[in-house]
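Next come the chains, spelled out residue by residue.
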Amino acid sequence: MEIIASPAAMQRWSEDARRRGEKIAFVPTMGFLHEGHITLMREGRSRATLLASSLFVNPTQFGPNEDFSRYPRNFEGDCELMRSVPVDALFAPEPEVMFPAGSQTWVEATEVTQGLCGDHRPGHFRGVTTVVAKLFNIVKPHLALFGEKDFQQLRAIERMVVDLNFDLQIVPVPTVREPDGLAMSSRNAYLSPEERQRALALSSALRAACEAAARGARTTAELALAARAVIDRTPGIEIEYVTAADSQTLQALEEFDRAVVVAIAARVGKTRLIDNLVVTPSALPAR
Ligand code: AMP
């Protein structure tokens, strides 16, 4: 695996590969890798001839009171996992290289980033779309893989790619879960054993929403209420939001007459966790 720190060197690697007729898949990450990330990478490998990944904890997507400085990091361990996939090129720049003094250009998807996390993390998605646009220009992939775990991020990036005519394909990958249902996340490392147990309420809540759909729920409020009830009866979890929205536009929706994403953000102790599930009126996951 080549480890590349400079944008110009990364662009050269990709241009050389493209000239040789290679197809480049790309998985951007913030590191502290788990099976969710590795699943994206394996999927990328199976769809292309070369796999590039990036490791960059992006300061512009963290709010002033968020966990940027204590975000878990393990560069050597991550490199080892990437080599096992294997990843062909890892782009791992320093923050000053990605956002040098004087940077002032932002990329923002304005509507799909309203509601859900957009209401609670001002500036977050603008930071995400900006860094991903830069990464696309640096890595020049033919396809890029993103997890449905970060559903609103996925929709914002899909929107950006259409709106700005990026010449690449976005491939969504379903959420990878622990055997007991907990969605894998680098932030799970923050949880104490008791908190880890309480965190199961998120995936249980989503299952409850799915069951409400199977029982014939007619409104999105019924889905959200069913999910909320599970978390409400779990002590030590503070709900930030429980929402059921149109799974394409993420707009609020009253009637449950199409695919809906039930999305949850909650604090377990100091740790903010998110999870979501797409449900359809027939109660089948929408895929
Ligand atoms: P992160 O390092 O958290 O920025 O995540 C990098 C990529 O991995 C994003 O596209 C995430 O959506 C994806 N990802 C994170 N956790 C999971 C998971 N449990 N299942 C599938 N994809 C995931």
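See the structure printed just above.
Reading the values: rules and limits
Residues numbered from 1 in each chain as written. Predicted model: local features only at pLDDT ≥ 70, side-chain atom pairs only at ≥ 80, totals over all residues. Heavy atoms only, no water. Helix = DSSP H or I, 4+ residues; strand = E, 2+ residues; numbered from the N terminus. Polar contact = N/O pair within 3.5 Å; in protein donor to acceptor, adjacent residues only side chain to side chain. Expected span 1.5 Å × (residues − 1). Buried < 20%, exposed > 50% of the residue type's maximum accessible area, 1.4 Å probe, protein only. Contact = heavy atoms within 4.5 Å. Axes fitted to C-alpha atoms, helices over the stretch in contact; angles between N-to-C directions. Left-handed = near helix turned anticlockwise from the far one by under 90°. Nonpolar A, V, L, I, M, F, W, Y, C, P; charged D, E, K, R; others polar. Near = heavy atom within 4 Å. Core = buried A, V, L, I, M, F, W, Y, C linked by side-chain atoms within 4.5 Å.

The subject of this paragraph is the side chain of Gln 61. Within the secondary structure, Gln 61 is located in the loop between strand S3 (50-55) and helix H3 (75-84). Within the structure, the side chain of Gln 61 is placed 2.9 Å from the side chain of Asn 58, a separation counted as a polar contact.

Right, let's get into helix H6 (residues 151-163). With 13 residues, H6 ought to run about 18 Å at 1.5 Å a step, and its terminal C-alpha atoms sit 18 Å apart, in line with that. Within H6, burial applies to Phe 151, Gln 152, Gln 153, Leu 154, Arg 155, Ala 156, Ile 157, Met 160 and Val 161. On its buried face, H6 sits against helix H5 (124-139), strand S5 (143-147), strand S6 (169-173), strand S8 (260-268) and strand S9 (271-279). Asn 165 sits one or two residues past H6 and shows a positive phi near 55°.

Relative to each other, helix H8 (residues 200-214) and helix H9 (residues 220-232) sit at 145°, their axes nearing to 8 Å. Taken as a pair, H8 and H9 cross one another with a handedness that is right-handed. Along its contact with H8, which presents Ala 201, Ser 204, Ala 205, Ala 208, Ala 209, Ala 212 and Ala 213, the element H9 presents Glu 222, Leu 223, Ala 226, Ala 227, Val 230 and Ile 231. Among the residues forming the contact of H8 with H9, the class breakdown is 11 nonpolar, 1 polar and 1 charged.

This paragraph deals with the site of the ligand. Close to the ligand lie 17 residues; Met 30, His 37, Asp 150, Val 176 and Met 184 are nearest. The contact in question runs from an oxygen atom of the ligand to an N or O atom on the backbone of Met 30, over 2.9 Å. Between a nitrogen atom of the ligand and a main-chain N or O atom of Val 176, the distance comes to 2.8 Å. For the shell around the ligand, the secondary-structure elements that each account for two or more residues are strand S2 (24-29), helix H2 (35-47) and S5.

Soluble, globular proteins show a tendency: their nonpolar side chains are buried together. In terms of nonpolar packing, the biggest core is built from 33 residues, with Leu 223, Val 260, Val 262, Ile 264 and Val 279 touching the most fellow members. Contributions of two or more residues to this core are made by H8, H9, strand S7 (237-246), S8 and S9. Looking at this core, the element that brings in the most residues is H8, giving 10 residues. Contacts of Val 262, omitting those with residues within four sequence positions, involve Leu 206, Ala 209, Leu 223, Ala 227, Thr 243, Ala 244, Asp 275, Asn 276, Leu 277 and Val 279. Ranked by size, the runner-up nonpolar core spans 31 residues in total, among them Trp 13, Ala 52, Leu 135 and Ile 170.

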